[in-house]
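As a plain string of letters, each chain reads:
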Amino acid sequence: MFYEGTIYRPPSEAKSIILQITVGCQHNACTFCTMYKDKSFRIKSRSEINDIITTALAQDSDAERIFLADGDAIAVDSLLLIEVLDRLYATFPRLKRVGIYGGPKDILAKSPKELAALKAHGLTMVYLGVESGNGGILTSVCKGVTPEQMITAGQKLRESGLAVSCTVIIGLGGKDLSQEHALDTARVISAIDPHYLGALTLMVAPSSPLSKAIKGGTFHPLTPLESLAELRTLIHELNVTHCVFRSNHASNYLPLRATLPNEQDELLQTLDNVIENQSLERLRPEYWRGL
Ligand code: SF4
């Protein structure tokens, strides 16, 4: 399969065929994110998309999972997305799920009716990068929405029947805003009440504005144990109905998995054990972390 530039996908889409129906990210402004800085956003044409589907069919006609890339493919016009979904289900007889990244601004731009139609035509999962529930942090990283808009975007997805997978970034507020970041993020995630929640831990790319802020002494990154303490506060404050939590992304110091709220106490105990005993040997070494 030919891809334009580097392809990123959520860890849970590792077994999916990746179809690049868009290139880059329409927003492409978040200061912590360097994934699509080398790409100009564009939506591929119908004929390009059809060619991609034909190539994917030759690669794996038994595909059960497909992920639509790049970083904000939900920006595609809903009618075209429905066409793509219909073609996928007609082409791949065993197809069971189709996932997509959705930027909050582009989710907000779609009506509940459009989102429900996407669900009816087989879109199953939307990955929403919440990053933080703190308004100041969202502004400082140029996420482009407020916490309340983020909640509305997530709730719109849920109400349309789509499965919602949210991502948050531990350490995004640095030392100065660690507590606010954890508490406000717990509030926003609780309000969205997603089916899945993934925690990443901040990694600072050398070329990013955050890297300059660290060098300039205006941003103080968390240590590994401080990152876990922040995650502990977030988990402790979460109030969700039924949510699979994972920190299995390569950026994390400690891979964890739990179903919340049933396993919330056990998850907190695991974190407490590592934090209180300062069990650094249980943490992923810095050189093994990655995006
Ligand atoms: S919306 Fe997502 S993909 Fe786009 S710049 Fe921000 S973090 Fe990166």
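Remember, it's a predicted structure, so these values are computed and weren't measured experimentally.

This part covers the pairing of strand S4 (residues 65-69). Buried residues dominate S4, accounting for four of its five residues. As defined by bridge partners, strand S1 (residues 17-20) adjoins S4 across four bridges and the pair is classed as parallel. The residue bridging isoleucine 17 from the neighbouring strand is isoleucine 66, located in S4. Examined bridge by bridge, S4 and strand S5 (residues 97-101) share four bridges and lie parallel to one another. Residue leucine 68 lies in a different strand from S5, and its bridge partner there is isoleucine 100.

Further remarks concern the site of the ligand. All residues in the neighbourhood of the ligand are listed as Cys25, Asn28, Ala29, Cys30, Phe32, Cys33, Tyr36, Glu131 and Lys143. Considering only residue class, the shell around the ligand consists of six nonpolar, one polar and two charged.

The strands making up a sheet associate through backbone hydrogen bonding, with each pair oriented either parallel or antiparallel. An order of S1-S4-S5-S6-S7-S8-S9-S10 is seen for the eight strands of this open sheet, with the pairing classed as mixed. At either margin of the open sheet sits one strand with a lone partner, and together these are S1 and strand S10 (257-260). Taking the axes of each pair of neighbouring strands and ignoring which way they run, one obtains an average angle of 25° across the sheet. When S5 meets strand S6 (residues 125-131), the two strands line up parallel, connected through three bridges. When the bridges of S6 are listed, glycine 99 appears paired with methionine 125.

Here the focus is the pattern of salt bridges. This model, assessed by the stated rule, comprises 12 salt bridges. In this structure, the salt-bridge partner of lysine 175 is glutamate 226, at a minimum N-O distance of 2.7 Å. A residue pair is termed long-range when its members are at least 10 positions apart, and lysine 175 in the loop between strand S7 (163-170) and helix H7 (178-192) and glutamate 226 in helix H9 (residues 224-237) qualify at 51 residues. Note on lysine 175: relative accessible area 38%, which makes it partly exposed. Notably, a salt bridge pairs aspartate 272 with arginine 232, separated by 2.5 Å at the nearest N-O pair. Pair noted here: aspartate 272 is in helix H10 (residues 264-276) and arginine 232 is in helix H9, with a separation of 40 residues, a long-range link. Members of the salt-bridge network, linked through shared partners, are Glu4, Arg42, Lys44 and Glu48.

In this section: unusual backbone geometry. Cis geometry marks the peptide bond from alanine 69 to aspartate 70, where omega comes out at 5°. Position of aspartate 70 relative to the elements: it lies in the loop between S4 and helix H2 (78-91). In this model, asparagine 28 sits at a positive phi of 50°, which is unusual for a non-glycine residue. Assignment of secondary structure puts asparagine 28 in the loop between strand S2 (22-23) and strand S3 (42-43). When its relative accessible area of 22% is taken as the criterion, asparagine 28 is described as partly exposed.

The sites that carry the UniProt feature "domain: Radical SAM core" (unreviewed entry) are, in the present numbering, residues 9-246. Overall, residues 9-246 shows 41% helix and 18% strand. The separation of its end C-alpha atoms is 15 Å.

On to the packing of helix H6 (residues 147-159) against H7, then. One can describe the packing of H6 onto H7 by two numbers: an axis separation of 8 Å at closest approach and a directional angle of 25°. Between H6 and H7, the interaxial angle falls into the category roughly parallel. Judged by the sense of rotation from one axis to the other, the crossing of H6 with H7 is right-handed. Residues Pro147, Glu148, Met150, Ile151, Gly154, Gln155 and Arg158 of H6 lie in contact with H7, whose contacting residues are Arg187, Val188, Ala191 and Ile192.

Turning our eyes to something else, we now look at the state of the cysteines. A full pass over the atoms with the stated rule returns zero disulfides. Cysteine cysteine 142 remains unbridged, with the sulfur of cysteine 30 as its closest cysteine sulfur at 7.6 Å. Looking at the unpaired cysteine 243, the closest cysteine sulfur is the one in cysteine 166, lying at 7.8 Å. We classify cysteine 243 as buried; its relative accessible area is 0%.

With that out of the way, let us pick up the nonpolar core. With 66 residues, the main nonpolar core has Leu19 and Leu68 as its most contacted residues. For this core, the element with the most residues is H2, which contributes six residues. Phe32, Ile137, Ile169 and Leu202 belong to the second-largest nonpolar core, a separate cluster that totals 11 residues.

About the criteria used
- Residues numbered from 1 in each chain as written.
- Predicted model: local features only at pLDDT ≥ 70, side-chain atom pairs only at ≥ 80, totals over all residues.
- Heavy atoms only, no water.
- Buried < 20%, exposed > 50% of the residue type's maximum accessible area, 1.4 Å probe, protein only.
- Helix = DSSP H or I, 4+ residues; strand = E, 2+ residues; numbered from the N terminus.
- Pairing = 2+ DSSP bridges.
- Near = heavy atom within 4 Å.
- Nonpolar A, V, L, I, M, F, W, Y, C, P; charged D, E, K, R; others polar.
- Axes fitted to C-alpha atoms, helices over the stretch in contact; angles between N-to-C directions.
- Salt bridge = Lys/Arg side-chain N within 4 Å of Asp/Glu carboxyl O.
- UniProt positions renumbered as here; feature names shortened; annotations may be inferred.
- Parallel < 35°, antiparallel > 145°, perpendicular 65-115°, else oblique.
- Left-handed = near helix turned anticlockwise from the far one by under 90°.
- Contact = heavy atoms within 4.5 Å.
- Disulfide = S-S within 2.5 Å.
- Core = buried A, V, L, I, M, F, W, Y, C linked by side-chain atoms within 4.5 Å.

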